[in-house]
Amino acid sequence: TATGHLVLDGTAVKNSTSAAATARLKEVTSIPVTIKNTLWTSLCFPVDVVIPANLKAYKAASTQGMTINLEELAAGSRIPAGTGFLALADADTYTDGAYTFAIATGSETEADLSRNLFTSTNVKRTGMDGVDYFALATKNAVTGFYKVTSGTVPANKAYLLGEHLSFSSGTQMLQLAIGEGTETGIANVNAENSGKAETYHDLNGRLVVYPTRGVYVTGSGRKVFVK
């Protein structure tokens with residue numbers, strides 16, 4: 001400028017006469033995300049992103065009692081900025097939890113986000129005291145949406161507002177279900193103590209005596225996700 005140069009002071013651009021620093025702009029084409037070994041995370045981006053092939057993404061399509069029914073979004077499709085969704089890492093390929101979402105170019109097919117119940121925020125949201133809402137968490141090895149009392153939502157996260165849901169008074173946790181009858185967030189399997197001997201098979205139909213982390217089909221036909 002006529003008297004100096006422009007500098008960034010906090011969030012304000014000001015004129016300065018002190019020694020100039022060099023600022024360089026770099027094009028960003030992707031956004032890194034770290035997913036904990038619970039495999040689940042809720043997300044919301046300030047730009048359109050593309051669902052990567054090594055993750056599954058879900059919208060909250062409906063509620064049924066204390067269950068949130070999730071519907072998978074197509075890999076490679078575009079999720080618009082400001083949209084809340086869940087991402088699930090594959091248990092078999094999970095390593096350090098480092099994943100990447102490419103920033104969309106606009107040519108991708110938009111994901112089907114009709115009837116998505118997630119609310120989201122790209123900045124830390126405070127002043128939520130007295131608001132009925134649930135956030136993704138893992139407690140006692142069980143992942144679900146737990147009622148929050150802190151009054152704060154972290155930035156770039158999705159959550160569920162109670163006013164958009166149908167649940168019983170006093171409900172503290174909402175479990176996740178993927179598709180038709182696939183329950184998630186199950187901490188362990190113990191057929192010996194269940195009162196009924198349940199059998200478990202992998203997705204190829206092979207009997208599994210001691211299920212580890214992954215998706216199984218029970219003898220009664222239920223799909224379960226074992227953590």
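Our subject is the structure that appears above.
Presented here is an overview of the structure given in this document. Computed from a predicted model, the values in this text were never measured in an experiment.

1. Focus on the overall build of the chain
Secondary structure assignment for the chain yields 0 helices and 19 strands. Here the analysis covers contacts within the chain between residues at least 6 apart in sequence; of these, 69% occur between residues at least 24 apart. Surface summary for the chain: the accessible area is close to 13,100 Å², and the carbon and sulfur share equals 51%.

2. Looking at the packing of aromatic side chains
Counted by the stated rule, this structure contains 6 aromatic pairs. The interplanar angle of 40° and the centroid separation of 5.8 Å between the aromatic rings of Trp-40 and Tyr-58 together place this pair among those described as tilted. Of this pair, Trp-40 sits in strand β4 (residues 40–43) while Tyr-58 sits in strand β6 (residues 55–64), and the two are 18 residues apart along the sequence. Classification of Trp-40 by relative accessible area gives buried; the value is 5%. An aromatic cluster is defined as three or more aromatic residues linked by ring pairs; in this entry it consists of Phe-45, Phe-85 and Phe-101.

3. Overview of unusual backbone geometry
Even without a glycine there, the phi angle at Leu-39 is positive, about 80°. Position of Leu-39 relative to the elements: it lies in the loop between β3 (30–34) and β4. Owing to a relative accessible area of 0%, Leu-39 belongs among the buried residues under this scheme. For Arg-115, which is not glycine, the phi torsion reads 60° and is therefore positive. Note on placement: Arg-115 falls in the loop between β10 (98–103) and β11 (119–121).

What counts, and where the lines are drawn
Residues numbered from 1 in each chain as written. Predicted model: local features only at pLDDT ≥ 70, side-chain atom pairs only at ≥ 80, totals over all residues. Heavy atoms only, no water. Helix = DSSP H or I, 4+ residues; strand = E, 2+ residues; numbered from the N terminus. Contact = heavy atoms within 4.5 Å. Areas by Shrake-Rupley, 256 points an atom, 1.4 Å probe, with all protein chains shown as cover. Phe/Tyr/Trp six-rings, centres within 6.5 Å; stacked < 30°, edge-to-face > 60°. Buried < 20%, exposed > 50% of the residue type's maximum accessible area, 1.4 Å probe, protein only.

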